[in-house]
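Coordinates in review
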Amino acid sequence: AYLLNKPYDFILYQLSTGLGDLVARLGFNLLIGGAFTWLLVGPPPAPMALPFLLIAYLFAYLLNFCASALIGLAAFFTEEVAPFDWIYSKLLLVAGGVLIPLDFFPDWLRQACQSLPFAYTIYGPARFFIDPSPERFLALILGQLAWLTVLATLLTLAYRRGLRWLN
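Predicted model, so just to flag it, every value in this text is computed and none were measured.

Details of the overall build of the protein chain
Assigned secondary structure in the protein chain consists of six helices and zero strands. Its helices and strands taken in sequence order, the protein chain reads α-α-α-α-α-α from the N to the C terminus. By principal-axis analysis of the C-alpha atoms, the protein chain measures approximately 55 × 40 × 25 Å. Taking all 167 residues of the protein chain together, the buried fraction comes to 32%.

Next up, the structure:
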């Protein structure tokens with residue numbers, strides 16, 4: 001609450017802090033995790049696609065940030081946001097394709113899940129890493145940008161309304 005009255009944009013401050021943490025974690029994970037994966041599984045399917053994967057990963061992070069920030073801003077209106085965070089994490093696991101790849105879902109459920117932001121956060125970048133192609137990358141980025149526009153708009157509106165309600 002004490003950060004809300006500072007002379008900077010609260011949402012951009014949280015995003016900047018999160019991106020700083022991301023850069024530190026990403027460097028460590030790429031170095032250590034990449035070395036272990038290379039040793040145990042072999043080289044990546046298409047090393048030339050890694051710069052595109054980093055772009056998709058950045059947009060996936062931004063999607064996750066917007067969703068998490070919306071959950072955090074629910075504190076303006078509710079007493080506890082932990083249940084919302086729990087539900088979001090379970091949706092990421094199921095509809096994001098972490099527990100079961102979306103390709104194994106029935107067609108109707110796969111199509112529904114692939115149109116949600118959860119798939120663009122986890123499944124889309126992972127699928128692009130495994131099977132990179134220009135068409136897959138374009139579809140992934142366009143979907144991420146569309147959802148990012150929707151979630152960023154909702155985030156901005158929720159923040160403004162929350163501040164008005166708080167004041």
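A short note on the side chain of Q144
Along the chain, Q144 turns up in helix α6 (residues 134-166). With sequence-adjacent residues up to four places away left out, Q144 is seen in contact with A56, F59, A60, L63, Y120 and P125.

Let's talk about the nonpolar core
Counting 26 residues, the largest nonpolar core has I11, F65, L73 and L155 as the members making the most contacts within it. Mapped by element, the contributors of at least two residues to this core are α1 (10-40), α2 (50-73), α5 (117-130) and α6. With ten residues, α2 is the largest single contributor of residues to this core. Leave out the neighbours within four places in its chain, and I11 touches F65, L73, L155 and Y159. Counting residues in each nonpolar core, the second largest holds eleven residues, with A95, L102, A119 and Y123 among its members.

Examining the packing of α1 against α2
Between α1 and α2, the least distance of the axes is 11 Å, while the angle of their chain directions is 135°. Put simply, α1 runs oblique to α2. For the crossing formed where α1 meets α2, the hand is right-handed. Taking contact as the criterion, the partners of I11, Q14, L15, G18, L19, L22 and L26 in α1 are, on α2, L54, Y57, L58, Y61, L62, F65 and L73. Across the contact of α1 with α2, the residue classes break down as twelve nonpolar, two polar and no charged.

Observations concerning a nonpolar patch on the surface
Taken together, F28, L31, I32, F36, L39, L40 and V41 make up a surface patch of nonpolar side chains, about 860 Å² in accessible area. Along the polypeptide, L31 turns up in helix α1.

Structural notes on the pattern of salt bridges
This structure, assessed with the given rule, holds three salt bridges. As a salt-bridge pair, D131 and R136 come within 3.1 Å of each other at their nearest N and O atoms. We classify D131 as partly exposed; its relative accessible area is 34%.

Description of the environment of E80
On the secondary structure map, E80 appears in the loop between α2 and α3 (82-95). Sequence separation of E80 and R25 is 55 residues, and the distance between their C-alpha atoms is 28 Å.

Concerning the packing of α2 against α5
Contact geometry for α2 and α5: axes closest at 9 Å, N-to-C directions at 165°. Judged on the interaxial angle alone, α5 and α2 are roughly antiparallel. When the axes of α2 and α5 are compared, the crossing they make is left-handed. Of α5, the residues touching α2 (which contributes L50, F52, L53, A56, A60, L63 and N64) are P117, Y120, T121, P125, F128 and F129. Its residues assigned to classes, the contact of α2 with α5 comprises eleven nonpolar, two polar and no charged.

Let's talk about the packing of aromatic side chains
The relative placement of two aromatic rings is captured by the distance of their centres and the angle of their planes. Summed over all chains, the structure comprises six aromatic pairs. Relative to F77, the ring of F76 lies with its centre 6.2 Å away and its plane at 65°, an arrangement referred to as edge-to-face. Accessibility expressed as a relative area gives 11% for F76, which makes it buried. Look at F77 and you get partly exposed, because its relative accessible area is 43%. Each member of the aromatic cluster is reached from another via a ring pair, and the members are F52, F128 and F137.

Criteria and cut-off values
Residues numbered from 1 in each chain as written. Predicted model: local features only at pLDDT ≥ 70, side-chain atom pairs only at ≥ 80, totals over all residues. Heavy atoms only, no water. Helix = DSSP H or I, 4+ residues; strand = E, 2+ residues; numbered from the N terminus. Buried < 20%, exposed > 50% of the residue type's maximum accessible area, 1.4 Å probe, protein only. Contact = heavy atoms within 4.5 Å. Core = buried A, V, L, I, M, F, W, Y, C linked by side-chain atoms within 4.5 Å. Axes fitted to C-alpha atoms, helices over the stretch in contact; angles between N-to-C directions. Parallel < 35°, antiparallel > 145°, perpendicular 65-115°, else oblique. Left-handed = near helix turned anticlockwise from the far one by under 90°. Nonpolar A, V, L, I, M, F, W, Y, C, P; charged D, E, K, R; others polar. Patch = residues over 30% accessible without salt bridge, like charges linked within 9 Å, V, L, I, M, F, W, Y side chains within 5 Å. Areas by Shrake-Rupley, 256 points an atom, 1.4 Å probe, with all protein chains shown as cover. Salt bridge = Lys/Arg side-chain N within 4 Å of Asp/Glu carboxyl O. Phe/Tyr/Trp six-rings, centres within 6.5 Å; stacked < 30°, edge-to-face > 60°.

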